[in-house]
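# Structure at a glance
Residues per chain, in single letters:
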Amino acid sequence: MSIVTITEEPLSLEDLLAIVDGAEVEIADGARTVIEASRAVVEAALARNDAVYGLTTQVAHGKDTRLSEEEIRGEQMYLVMSHSASLGQPLPAPLVRAALAVRLNGIARGGSGASPAAAESLAAMLNAGVHPFVPEIGSVGAADIQMMAAIAVVAVGRGRAEYQGELLPGGDALQQAGISPLVLGGKDGLALISANGISIGHAALVVSRAERAAAAADVAAAVSMEATGANPSILHPAVGRAKPIPGQSAAADHVRDLLKGSDLLKPGVAQSVQDALSFRVVPQVHGALREYTAYARDAVLVELNAAADNPLVSLQDQTLISNGNFHPMVLAIACDALRIAIAHVGQLSERRMSNLWDAFFRQLTSAPTAAYGLQLRYPAAAVFSELKQLAGPATLDTPPLDLGVEDHATGAPLSVRKADAALDLLEDLLAIELLLARDVLATAPSTPVLGVGTKAALDMVEEAVVAADPRPDAVHRAVRERFPVRQVGGSVANGQSAAR
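Residues numbered from 1 in each chain as written. Predicted model: local features only at pLDDT ≥ 70, side-chain atom pairs only at ≥ 80, totals over all residues. Heavy atoms only, no water.

This paragraph deals with empty space enclosed by the protein. Taken as a whole, this structure holds five cavities of 30 Å³ or more when the rule is applied. Surrounding the largest cavity, V102, R103, G106, S194, A195, N196, I200, E303, L304, A306, A308 and D309 form its lining. The set of elements that each furnish at least two residues to the lining of the largest cavity consists of α4 (93-107) and α13 (282-304). With three residues, α4 is the largest single contributor of residues to the lining of the largest cavity. Partitioned by chemical class, the residues of the lining of the largest cavity number six nonpolar, three polar and three charged. (1 Å grid on protein atoms, 1.4 Å probe; cavity = no way out; pocket = protein on both sides within 12 Å on 5 of 7 lines; lining within 4 Å. Points joined across faces, edges and corners; volume = space filled by probe spheres on them. Helix = DSSP H or I, 4+ residues; strand = E, 2+ residues; numbered from the N terminus. Nonpolar A, V, L, I, M, F, W, Y, C, P; charged D, E, K, R; others polar.)

Printed below as a string of structure tokens:
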């Protein structure tokens, strides 16, 4: 079992994904020192009886109401229990692991004032595989308070959690795992719940998945180019040099690599001087997906390694500061933009299918026995309609809450969740495109010499067709199980995103 060490240095996206995939965590001595120093600032504020939001005052619209000494002692548990309310289906265990790891790493930044015991509790739950039951809807993106509270209630021995395949009361899950319930003190309750662990963790999974989808889109486009005899001039390096957008050049390079050895790259093989735009602008549109995925990745990394607590413990100033770092605005907008880029890639795929459809019937001489892509052409159109709807913004729709005090939110969880759903649909479209391109090549008068990468993709499709029941939906599902492939722990594994 691999181990990821939480230090005072930034956590990488790859290390976070390793934790999601089951790696254990340990807290380095340097991070413990930071956590202890942050906690000392909280204890000093309590000793002075400073007016500190959520520590010696109520929260939300009660922000200016001071707590009595007795109320201060019970406030942290009250915050956890009173905010643990969300709706919908439970989040999958990988996403819960991501949220646990995000919050643990956030505490190690030193801005939360949480106790070392709180950090140890999160680490212990990760290492033992105690995964809190967290319904998927509850946050408007101004800290995922309700959903993070569902995690915190398990840490204190309440709520529900999955452990070794069984859903148990939180206290029972901890007991069976040999973990003592956390006793909240100081600012522990607020530190555990006032964080964007769900949004950031889910966005990390989405970014990883979008990176795979961008590469998969190149594969589908390259196979369609083979099937239609498309002109590869669009891939000439001079095009990228003329407009140096890194994502565009990366897409063109990848498609060109997929086509290595193909007849298509020989002079005079292309059927037209210039193809339809759904072929001609593949590097530009697929490149845009790469660009906005990279932007979203950067946003995730900033949030993952930020001190985003309110109030913020400033070690430099030895004080607690009310602030708005809990608002992951850049991440939320990045996922809005990412969905638009995903939809454009899906639109190209759907439009290329029309060209494949035309090519199929143009060369058809007898009725095909099993043209699964052809059968799925109309469902593909329906999928694109749904994908287009998901491209709308999610970050502008939250109404004012709590007597108007909370009059803005980012919509981050919804924005990220819609991006994940959009990737589902894009991958559905790309699988159908591969099947339809296979149909065209299977009925071609002569079989062209394919590129190394495109042949491998078609071999994968044939493997799926042979393995599946002879029904379009079963064949499509078999392709989706193999495409796109997922990188796990440095090796390639079949299957869908951990966030699904």
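Let us keep going from here.
Before going further, it helps to examine the packing of helix α18 (residues 452-467) against helix α19 (residues 472-482). Look at α18 against α19: their axes get within 8 Å of each other, and the N-to-C directions meet at 135 degrees. The pairing of α18 with α19 is recorded here as oblique in orientation. Crossing angle aside, the handedness with which α18 passes α19 is right-handed. Contact with α18, carried on its side by M460, E463, A464, V465 and A467, involves V475, A478, V479 and R482 of α19 and no other residues of that element. (Axes fitted to C-alpha atoms, helices over the stretch in contact; angles between N-to-C directions. Parallel < 35°, antiparallel > 145°, perpendicular 65-115°, else oblique. Left-handed = near helix turned anticlockwise from the far one by under 90°. Contact = heavy atoms within 4.5 Å.)

This part takes up the sheet that holds strand β6 (residues 160-163). Strand order in this open sheet of three strands is β4-β6-β7, and the pairing throughout is antiparallel. Every other strand in the sheet has two partners, leaving β4 (131-132) and β7 (166-169) as the edge strands with one partner each. (Pairing = 2+ DSSP bridges.)

For N323, the position within the fold is in the loop between β9 (319-321) and α14 (329-363). With residues near it in sequence (within four places) discarded, N323 still touches D309, N310, P311 and L312. At 2.7 Å, the side chain of N323 forms a polar contact with the backbone nitrogen of N325. (Polar contact = N/O pair within 3.5 Å; in protein donor to acceptor, adjacent residues only side chain to side chain.)

As for its placement among the helices and strands, A251 is situated in helix α11 (residues 246-258). Among the residues examined, A251 registers a relative accessible area of 0% and is labelled buried. When the C-alpha atoms of A251 and G240 are compared, they prove to be 9.8 Å apart, with 11 residues separating the residues in sequence. Apart from residues no more than four positions distant in its own chain, A251 is found in contact with D218, P283, H286, G287 and R290. (Buried < 20%, exposed > 50% of the residue type's maximum accessible area, 1.4 Å probe, protein only.)

By volume, the largest pocket amounts to about 600 Å³. Every element with two or more residues in the lining of the largest pocket is listed here: α3 (69-83), α6 (145-155) and α8 (188-193). Here the lining of the largest pocket is built from residues that sort into 15 nonpolar, 10 polar and two charged.

Counted under the stated rule, the structure contains 28 salt bridges. We note a salt bridge from E211 to R297, for which the minimum N-O separation is 2.7 Å. In this pair, E211 is assigned in helix α9 (residues 197-228) and R297 in helix α13, connecting sequence segments 86 residues apart. The class of E211 is partly exposed, set by a relative accessible area of 32%. A salt bridge links R256 to D253, with the shortest nitrogen-to-oxygen separation between them at 2.5 Å. Of this pair, R256 and D253 both sit in helix α11, three residues apart, which is roughly one turn of the helix. (Salt bridge = Lys/Arg side-chain N within 4 Å of Asp/Glu carboxyl O.)

This part covers α3. For α3, spanning 15 residues, the distance from its first C-alpha to its last is 22 Å, which sits close to the expected 21 Å at 1.5 Å a residue. E75 marks where α3 bends most, by close to 45 degrees. Among the residues of α3, those classed as buried are I72, E75, Q76, L79, V80 and H83. Buried positions along α3 lie against α2 (29-48), α6 and α8. (Expected span 1.5 Å × (residues − 1). Bend = angle between axes of the 7 residues up to and from the residue.)

Further remarks concern a nonpolar patch on the surface. On the surface, Y292, Y295 and V330 cluster together into a nonpolar patch covering about 300 Å² of accessible area. Here Y292 lies in helix α13. You can call Y292 partly exposed: its relative accessible area is 41%. (Patch = residues over 30% accessible without salt bridge, like charges linked within 9 Å, V, L, I, M, F, W, Y side chains within 5 Å. Areas by Shrake-Rupley, 256 points an atom, 1.4 Å probe, with all protein chains shown as cover.)

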